[in-house]
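A look at the structure
Listed below are the residues making up each chain.
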Amino acid sequence: LEVLDEYLEDDLLALDCEMVETMGHRDELAHISVVSTKGILYDKYVKPEGEITDYRTEWSGITPEIIKNCTNSFPVIQKEVFDLLTRKPIILVGHSLENDLSVLKIVPDRVIDTAVRYTHPTPGFKHSLRYLTVHYLNR
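What counts, and where the lines are drawn
Residues numbered from 1 in each chain as written. Predicted model: local features only at pLDDT ≥ 70, side-chain atom pairs only at ≥ 80, totals over all residues. Heavy atoms only, no water. Helix = DSSP H or I, 4+ residues; strand = E, 2+ residues; numbered from the N terminus. Rg over C-alpha atoms; globule rule 2.2 N^0.38 Å. Buried < 20%, exposed > 50% of the residue type's maximum accessible area, 1.4 Å probe, protein only. Contact = heavy atoms within 4.5 Å. Areas by Shrake-Rupley, 256 points an atom, 1.4 Å probe, with all protein chains shown as cover. Lys, Arg positive; Asp, Glu negative; His and termini not counted. Charge placed at Lys NZ, Arg CZ, Asp CG, Glu CD. Core = buried A, V, L, I, M, F, W, Y, C linked by side-chain atoms within 4.5 Å. Salt bridge = Lys/Arg side-chain N within 4 Å of Asp/Glu carboxyl O. Pairing = 2+ DSSP bridges. Right-handed = clockwise from strand over helix to strand, strands pointing away. Expected span 1.5 Å × (residues − 1). Arc of directions from axis to C-beta.

A count of helical and extended segments in the protein chain gives 6 helices and 6 strands. Secondary structure elements of the protein chain occur, N-terminal to C-terminal, as β-β-β-β-α-α-α-β-α-β-α-α. Since a compact globule built from 139 residues should have a radius of gyration of about 14 Å, the 16 Å found for the protein chain is in line with a globular shape. With respect to the principal axes defined by its C-alpha atoms, the protein chain has extents near 40 × 40 × 25 Å. With 139 residues in all, the protein chain has 37% of them scored as buried. Pairs at least 24 apart in sequence give 55% of the contacts found in the protein chain among residues at least 6 apart. Carbon and sulfur atoms make up 53% of the accessible area of the protein chain, which amounts to about 8900 Å² in all. Separation between the mean location of the 15 positive side-chain charges and that of the 23 negative ones in the protein chain comes to 2 Å.

Structure follows, in structure tokens:
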């Protein structure tokens, strides 16, 4: 995995995954992005192992055309992401990371999850990333 060294100067990396639903109502990884403050470190589509029953295009942006041409397998992507996240001590940041890390089957040491950090007043609910962006960043 080739990554520009200057992109790895940050101690903070953000991760986001997009999943599709496959037979048996399983979530499988279809797209992953890892960024630093310097830019995009890693951005790849993944061909799910199971038969896709829901692309979740409205939320994921994943379409049959994207997956049809994809050749990246989950084990290869998982290893590349693990290697990237363990090259040096980092803090991993994201929103509702438990879903992303669960589908990746990776358990990093240091995590900041904005869905956990900025709690919703109603137990069992989470603020959307859109709400947090508007409320805390005025964007």
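From this point, things continue past the structure.
Here we come to the nonpolar core. Core analysis: the biggest nonpolar cluster contains 22 residues, and L15, L29, I32, Y42, V81, L92 and L104 have the highest contact counts within it. Where this core is concerned, the elements lending two or more residues are strand 1 (12–22), strand 2 (26–36), strand 3 (39–45), helix 3 (74–85) and helix 4 (97–104). A per-element tally of this core places helix 3 first, with 5 residues. Ranked by size, the runner-up nonpolar core spans 5 residues in total, among them V20, A30, I52 and I62.

Looking now at the pattern of salt bridges. Within the structure shown, the criterion is met by 7 salt bridges. Among the salt bridges present, the one from D27 reaches R56, with a minimum N-O distance of 2.7 Å. Of the two residues, D27 is situated in strand 2 and R56 in the loop between strand 4 (52–54) and helix 1 (57–60); the sequence distance between them amounts to 29 residues. D27 sits in the partly exposed class, given a relative accessible area of 41%. By relative accessible area, R56 is classed as partly exposed at 22%. D83 serves as the salt-bridge partner of K79, at 2.7 Å between the closest nitrogen and oxygen. Taken together, the positions of K79 and D83, both in helix 3 and 4 residues apart, correspond to about one turn of that helix. Judged by relative accessible area, which is 31%, D83 ranks as partly exposed. Residues joined in a network through salt bridges with shared partners are E21, D27 and R56.

Our focus in this paragraph is the pairing of strand 5 (residues 91–94). It is a general feature of regular strands that their side chains alternate between the two faces of the sheet. Summarising the sheet, strand 1 and strand 5 pair through 3 bridges and their orientation is parallel. For A14, the partnering residue across the bridge sits in strand 5 and is V93. The parallel pair strand 5 and strand 6 (residues 111–113) is bridged by helix 4, and the resulting crossover is right-handed.

This paragraph deals with helix 3. Compared with the 16 Å implied by 1.5 Å per residue over 12 residues, the 16 Å span of helix 3 between its first and last C-alpha is a close match. Those residues of helix 3 that fall on the buried side of the exposure criterion are F74, I77, E80, V81, L84 and L85. What you see down the axis of helix 3 is that its buried residues fit within an arc of 135°, all on one side. Looking at the buried side of helix 3, the elements it contacts are strand 1, strand 2, strand 3, strand 5 and helix 4.

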